[in-house]
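This is what each chain is made of:
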Amino acid sequence: MRALIADDEAHLREYLESQLKTVWPELRVVARAANGIETLRMIDEESPEVVFLDIRMPGLTGLEVAAKLVDSPKPPHIVFVTAYDQYAVEAFEHSAVDYLLKPANIERLEKTVAKLKVRLKPASAEGAVPAAALQALLAQLAAGGVPVASAAPAPVAAPLQWIRATHGEETRLIPIDDVIYFQSNDKYTSVFVADGESLIRTPISKLREQLDDQQFWQIHRSVIVAARHVAGTRQDFRGRLMVQLKGRPEQLVVSRNYVDLFRGM
């Protein structure tokens, strides 16, 4: 079993990891993150089954990270690590996702581990898809006055046909059939076509819901590729699956959550 610990205080990450070694020696901590953006990147790269997630972190809060994970194909089980008062803690208690108050003591951590082991059993309906439990938790927090980023944007009625994008000083109207792939950056999403790169402000999460999922495949949290432009796949020296594009030199990394798209290729 694989886990990620996210906390902006290094000594608290180390403390929790040492406690976990005592109560759950089979668990392997494969990544440690100090902020929300780093947490999302490491989840994409490592695909841990469990994430111990601090609520107050720079970049993105733990709640904002959790909201973004709801739409993932295989979201991890989240244990929030919090210094919130009892009112907020009660909201956690009634959801399938557990919480820990800082600093976590052995007795409380043992209860959390016991819950996780039940949910992680293959035969457990609770363990199969934690997204529903995560949605319920975020709804509870919002009802209790805790701000949570929107996790499920409303889909549009029909797939996009055109993209209005900025290219230098110009504004281009790009037919969706001309798009090779989309890649998100800090503030923008890049639209790659045969003759260059343009920019739009729509985030990948919202863009995905406006695209035909038979024609466009999400292969990474930050990348959506047009299926007709995929030439094949290969593994790089690090063992990562890479998408090769028709007639283009760049290769796109497939995160572990999306490798099933390419089974048999």
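For the structure given in this document, a descriptive report is provided here. (Residues numbered from 1 in each chain as written. Predicted model: local features only at pLDDT ≥ 70, side-chain atom pairs only at ≥ 80, totals over all residues. Heavy atoms only, no water.)

**Overview of the overall build of the protein**
Each helix and strand in the protein was counted, giving eight helices and 15 strands. With 265 residues in all, the protein has 47% of them scored as buried. At a minimum sequence separation of 6, the contacts of the protein that also span at least 24 residues come to 56%. Total accessible area on the protein stands at roughly 13800 Å², and carbon and sulfur atoms take up 51% of it. (Helix = DSSP H or I, 4+ residues; strand = E, 2+ residues; numbered from the N terminus. Buried < 20%, exposed > 50% of the residue type's maximum accessible area, 1.4 Å probe, protein only. Contact = heavy atoms within 4.5 Å. Areas by Shrake-Rupley, 256 points an atom, 1.4 Å probe, with all protein chains shown as cover.)

**Observations concerning helix α3 (residues 62-69)**
Among the eight residues of α3, six are classified as buried, and the element is accordingly described as predominantly covered. Among the residues of α3, G62, L63, V65, A66, A67 and L69 are the ones counted as buried.

**Side note on the sheet that holds strand β2 (residues 28-33)**
Backbone-to-backbone hydrogen bonds pair the strands of a sheet. The strands run either parallel or antiparallel. Sheet architecture is open: five strands sit in the order β2-β1-β3-β4-β5, paired in parallel fashion. Only two strands of the sheet have a single partner each, and these edge strands are β2 and β5 (99-101). Between one strand axis and the next, the sheet turns by 20° as a mean value, whatever way the strands run. On top of the sheet, helix α2 (residues 36-46) reaches β1 (2-6), β2 and β3 (50-54); it is set at about 145° to β2, its chief contact. (Pairing = 2+ DSSP bridges. Axes fitted to C-alpha atoms, helices over the stretch in contact; angles between N-to-C directions.)

**Structural notes on the pattern of salt bridges**
Counted under the stated rule, the structure contains 14 salt bridges. In this structure, D260 engages K74 in a salt bridge whose closest nitrogen and oxygen atoms are separated by 3.2 Å. In this pair, D260 is assigned in the segment after β15 (251-254) and K74 in the loop between α3 and β4 (77-82), connecting sequence segments 186 residues apart. Between R228 and D177 there is a salt bridge; the shortest N-O distance is 4.0 Å. Placement of R228 in the loop between β12 (223-226) and β13 (230-235) and of D177 in the loop between β7 (170-175) and β8 (181-184) is noted, with a sequence separation of 51 residues between them. It is possible to trace a salt-bridge network through shared partners that takes in D7, D54 and K102. (Salt bridge = Lys/Arg side-chain N within 4 Å of Asp/Glu carboxyl O.)

**What to know about the packing of α2 against α3**
Each pair of packed helices can be summarised by the angle the axes make with each other and by the distance between the axes. Here α2 crosses α3 at 30°, and the two axes come no closer than 9 Å. Relative to α3, the element α2 lies roughly parallel. Here α2 runs over α3; the crossing is right-handed. Only V65, K68 and L69 of α3 make contact with α2, whose side of the interface consists of G36, T39, L40 and I43. Of the residues assigned to the contact of α2 with α3, the class counts are four nonpolar, two polar and one charged. (Parallel < 35°, antiparallel > 145°, perpendicular 65-115°, else oblique. Left-handed = near helix turned anticlockwise from the far one by under 90°. Nonpolar A, V, L, I, M, F, W, Y, C, P; charged D, E, K, R; others polar.)

**A word on the pairing of strand β9 (residues 189-193)**
The buried count for β9 comes to five of five residues, which makes it a mostly enclosed element. Neither face of β9 is left uncovered, since the one carrying T189, V191 and V193 and the one carrying S190 and F192 both have all their residues buried. As paired strands, β8 and β9 are joined by four bridges and run antiparallel to one another. Counterpart to F182 in the pairing with β9 is V191. Two successive antiparallel strands, β8 and β9, enclose a turn made up of four residues. In terms of strand pairing, β9 meets strand β10 (residues 196-200) through five bridges, oriented antiparallel. Bridge pairing links S190 to L199 in β10. Counting the residues in the hairpin turn of β9 and β10 gives two residues.

Geometry only, nothing functional implied.
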